Amino acid sequence: MAFTFPLTIGRSSLGICSALVGVVPMLSSCADESAPGQPNILFILSDDHTSQSWGIYGGHLAPYARCENIGRLAREGCVMDNTFCTNSISVPSRAAMLTGQYSHLNGVYTLSDALSPDHDNIARQLQKAGYETALVGKWHLKKEPSGFDYYSVFHDQGTYRDPVFKSADNWIDDDKGIGGRREKGFSTDLVTDKAIRWIKGRDKTKPFSMFCHFKATHEPCDFPERLAHIYDGVVFPEPENLMDFDKAESGRTFDGQPLETMAWRWNKAYTEPDKWWTYYPEMPFEPKGKTREAVRSEIYQKLVRDYLRCAAAIDENIGRLLDMLDEEGLADNTIVVYVSDQGYFLGEHGFFDKRIMYEEALRMPFVIRYPREIPAGTRNSDLVLNIDFASLLADYAGAEAPEGAQGRSFRENLKGNTPDDWRKSVYYRYWTQHAIRPAHIGLRNDRYKLIFFYGHKLDMTGCDDCVSTPSWEFYDLKVDPRENHNRYNDPQYADIIEEMKADMLRQRELYRDTDEGSETMRQIMENYYSKK
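No experiment lies behind these values; they were computed from the predicted model shown.

### Observations concerning the confidence of the model for the protein chain
Part 1 of the reasoning: Averaged over the protein chain, the pLDDT score is 93; the fraction of residues at 70 or greater is 93%.
Part 2 of the reasoning: A low-confidence stretch, residues 1-35 (pLDDT under 50), is modelled with 79 contacts involving residues beyond four sequence positions or located in other chains.

Spelled out as structure tokens, the structure:
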């Protein structure tokens, strides 16, 4: 249910989050040209911009986040506290948002997969409902976008500096070549420029939907020069489990991707740039610490400094978009969503990256503003999934949800009217098998989390050719919110675990994720799922 948004976000002595308090700016008095019955939609999506760094979710980095405009959206709209992805990696998560379907139905399981242009999506349904539709920035789904009257998207996942944009007149699928045209500038600024130009020049007789997708804050976490010095001299506080070097102490059953691998990548790209896929800012990195703890701390400080500078450019550009809506008289009848495609580890558990069903990677920070309907300054704690987004937008637009959508509109939830039959748990599946991050399924409810690492690539693309011994993890998020202690073998939780195992099987049936026809998965489930 929704409740009043408490303005308790931390403020540093630098005044970084000072705009989260004070008077809400007056909206423009210009006439809104779109029909009241069909609101405009501005859907802003970032990559890996984790909730720990948004400033509106608390945490040890909140006082340092440049979050003036994210904070403005929070004050003027609703913050979702429990929004989760169904597969914590960019390509599958983006496909789930567009189609309203889990990976096994939309065909996008791993980073190596593509979304077919023939597959229905929310943009195609908005077109049918009379919307003019546009997409700018990161697409990353490899095949040509469908359902958009206009698009200008990066080749592959794009670059931060002078990115290549592809459009309908020069499209080449990502696996066929680069194509497109290189444009000078910083990617976050360029994407915003394109979104603003298109909205101002749109067909004003129709409602519009603009999908504005940033590359930031994805690795390599670059930033424009104007933000290079905003954290000079700052020493960021560390997460409590940064020094998690021994998985045996926590009962974790997989190795994960430690921060030291990030440092290896930095130096690989610097010393052998022709053998690495990207560059990194402010190289070389030469840690001075002599102990493993000191070295890890230094890696953490660089990662967070780069990351928060990269994120600051997002916040600046969200401000440009909000100001444009005010100036054009569009703010009152435009739904503005800002969301990240998944979360990201910033040193928690000693990790970076995402993919695992731990909170930092699973959670999708999400804020939405619609002055005509959503109460300002509220928060909502209902369990929402990325497959719900398409149905929500369709509901507002008076459109049909994409064919086969498995999600559900949470429009009433946002008004504080949570349906009695709203979901009480969320089902997750990460399909990519790596030795350090086994493929897994999981279930999370309002207190507990159960994860089954089945550890096999099955027939998936982009996987290691390895098999992991299946394992279980269980966390009580009320007493252990940082997931520091795997309690799967704790007798006090035995009954709860059995109930969640049964619920996970029900969820698999509900979402039709039953691995029908896979003899390998049948054997894994038979030999390990019910095993104590």
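### Overview of unusual backbone geometry
Part 1 of the reasoning: Cis geometry is found at the peptide bond from A216 to T217, where omega equals 10 degrees.
Part 2 of the reasoning: Relative to the helices and strands, T217 is located in the loop between strand 9 (208-213) and helix 6 (247-250).
Part 3 of the reasoning: Omega for the peptide link from M283 to P284 comes to 0 degrees, which places this bond in the cis form.
Part 4 of the reasoning: By the element assignment, P284 lies in the loop between helix 7 (259-271) and helix 8 (292-327).
Part 5 of the reasoning: Located in the positive-phi region is L458, a residue other than glycine, with phi close to 55 degrees.
Part 6 of the reasoning: Residue position: L458 is located in the loop between strand 18 (448-453) and strand 19 (471-476).

### A word on the sheet that holds strand 18
Part 1 of the reasoning: Ordered by their spatial adjacency, four strands build an open sheet running 16-17-18-19, and the pairing between neighbours is antiparallel. Strands at the two margins of the open sheet, each flanked by one partner only, are strand 16 (425-430) and strand 19. Sheet twist, expressed as the average angle between the axes of neighbouring strands with direction ignored, equals 10 degrees.
Part 2 of the reasoning: In this structure, strand 16 lies alongside strand 17 (residues 440-445), joined through six bridges in antiparallel fashion.

### Considering the packing of aromatic side chains
Part 1 of the reasoning: The tally for this structure, following the rule as stated, stands at 35 aromatic pairs.
Part 2 of the reasoning: For the pair W139 and F148, a centre-to-centre distance of 6.2 Å together with 85 degrees between the ring planes defines the contact as edge-to-face. Accessibility classification places W139 together with F148 in one group, the buried group.
Part 3 of the reasoning: Ring geometry for F148 and F211: centres 5.6 Å apart, planes at 85 degrees, overall edge-to-face. Here F148, found in the loop between strand 5 (132-137) and strand 6 (150-154), pairs with F211, found in strand 9; they are 63 residues apart in sequence, far enough to count as distant. We note that F148, like F211, is buried.
Part 4 of the reasoning: By way of ring pairs, the aromatic residues F43, W139, F148, F211, F366, F389 and F410 are connected into one cluster.
Part 5 of the reasoning: When the ring centre of F254 is taken as origin, the NZ or CZ atom of R252, which lies over that ring, is 5.6 Å away.
Part 6 of the reasoning: In this structure, R292 is placed above the aromatic ring of F245, and the distance from its NZ or CZ to the ring centre is 4.0 Å.

### Quick look at the packing of helix 7 against helix 8
Part 1 of the reasoning: In the contact formed by helix 7 and helix 8, the axes pass within 9 Å of each other and the chain directions differ by 65 degrees. Considering their axes alone, helix 7 and helix 8 lie roughly perpendicular with respect to each other. The handedness of the crossing between helix 7 and helix 8 is left-handed. Along its contact with helix 7, which presents L259, E260, M262, A263 and W266, the element helix 8 presents R296, I299, Y300, K302 and L303.
Part 2 of the reasoning: A per-class count over the contact of helix 7 with helix 8 returns seven nonpolar, no polar and three charged.

### Points about the pairing of strand 18
Part 1 of the reasoning: Counting buried residues in strand 18 gives six out of six residues, a clear majority hidden from the surface.
Part 2 of the reasoning: In terms of strand pairing, strand 17 meets strand 18 through five bridges, oriented antiparallel. If you follow H440 over to strand 18, its bridge partner there is F453.
Part 3 of the reasoning: Where strand 17 hands over to strand 18, the hairpin turn is made up of two residues, counted between the paired strands.

### Some details on the pattern of salt bridges
Part 1 of the reasoning: One pass over the structure, following the stated rule, counts 53 salt bridges.
Part 2 of the reasoning: Among the salt bridges present, the one from K275 reaches E272, with a minimum N-O distance of 3.0 Å.
Part 3 of the reasoning: Here R408 ties to D421 by a salt bridge, and the two come within 2.7 Å at their closest N and O atoms. Remark: D421 occurs in the loop between helix 11 (411-414) and strand 16 and R408 occurs in the loop between helix 10 (389-397) and helix 11; sequence separation between them is 13 residues.

### With respect to the packing of helix 1 (residues 68-76) against helix 8
Part 1 of the reasoning: The contact between helix 1 and helix 8 brings their axes to 7 Å, and the two run at 50 degrees. When the axes of helix 1 and helix 8 are compared, the pair comes out oblique. Only D315, E316, I318, G319, L322, D323 and D326 of helix 8 make contact with helix 1, whose side of the interface consists of E68, N69, I70, R72 and L73.
Part 2 of the reasoning: By residue class, the composition of the contact of helix 1 with helix 8 is four nonpolar, two polar and six charged.

### What to know about the nonpolar core
Part 1 of the reasoning: Counting residues in hydrophobic clusters, the biggest one holds 91 residues, and the most contacted among them are F43, W139, I368, F389, F410, L414 and Y454.
Part 2 of the reasoning: In contact with F410, other than residues within four places in its own chain, are M80, F366, V384, D388, F389, L392 and W422.
Part 3 of the reasoning: Membership of the second largest hydrophobic core comes to 68 residues, among which are A74, C221, L259 and Y344.

### Thoughts on the pairing of strand 5
Part 1 of the reasoning: Most of strand 5 is tucked away, with six of its six residues classed as buried.
Part 2 of the reasoning: Where strand 5 and strand 9 come together, six bridges link them in parallel fashion. By the bridge assignment, A134 is partnered in strand 9 with M210.
Part 3 of the reasoning: For strand 5 and strand 6, the ladder comprises four bridges, and the chain directions are parallel. Bridged to V136 within strand 6 is S152.

How each quantity is defined
- Throughout this description, residue numbers start from 1 for each chain and increase along the sequence as written.
- Owing to the predicted nature of the model, reporting of local features is limited to residues with pLDDT of at least 70; listing and counting of side-chain atom pairs is limited to 80 or more, with chain, interface and lining totals taken over all residues.
- Hydrogens and water molecules were not included; the side-chain quantities draw on all heavy atoms of the structure.
- Scored between 0 and 100, pLDDT is the confidence that the predictor attaches to each residue.
- Here, two residues are considered to be in contact whenever any of their heavy atoms come within 4.5 Å of each other.
- Here a helix means four or more residues in a row that DSSP labels H or I, a strand means two or more in a row labelled E, and each is numbered from the N terminus.
- Pairs of strands are assigned from DSSP output, requiring at least two bridges between the strands.
- Axes, fitted as lines to C-alpha atoms, cover a helix only where it is in contact. Angles between the N-to-C directions of the axes lie from 0 to 180 degrees.
- Each pair of aromatic rings taken from Phe, Tyr and Trp, with Trp reduced to its six-membered ring, is defined by centres within 6.5 Å and is described as stacked if the planes are under 30 degrees apart, edge-to-face if over 60, and tilted in the remaining cases.
- Relative accessibility decides the category of a residue: with a 1.4 Å probe and only protein chains considered, values under 20% of the type maximum give buried, values over 50% give exposed, and everything between is partly exposed.
- Think of it as a cone above the ring: NZ of Lys or CZ of Arg counts as a charge over the ring if it is within 6 Å of the ring centre and within 35 degrees of the ring normal.
- The scheme is simple: roughly parallel for angles under 35 degrees, roughly antiparallel for over 145, roughly perpendicular for 65 to 115, oblique for anything else.
- Here a crossing is called left-handed whenever its near helix is offset anticlockwise from the far helix by less than a right angle, and right-handed whenever the offset is clockwise.
- Side-chain classes are defined by residue name, with Ala, Val, Leu, Ile, Met, Phe, Trp, Tyr, Cys and Pro counting as nonpolar, Asp, Glu, Lys and Arg as charged, and the others, Gly among them, as polar.
- Only one rule defines a salt bridge in this text: a Lys or Arg side-chain nitrogen within 4 Å of an Asp or Glu carboxyl oxygen.
- Definition of nonpolar core: a set of buried residues of the types Ala, Val, Leu, Ile, Met, Phe, Trp, Tyr and Cys, connected through side-chain atoms within 4.5 Å.

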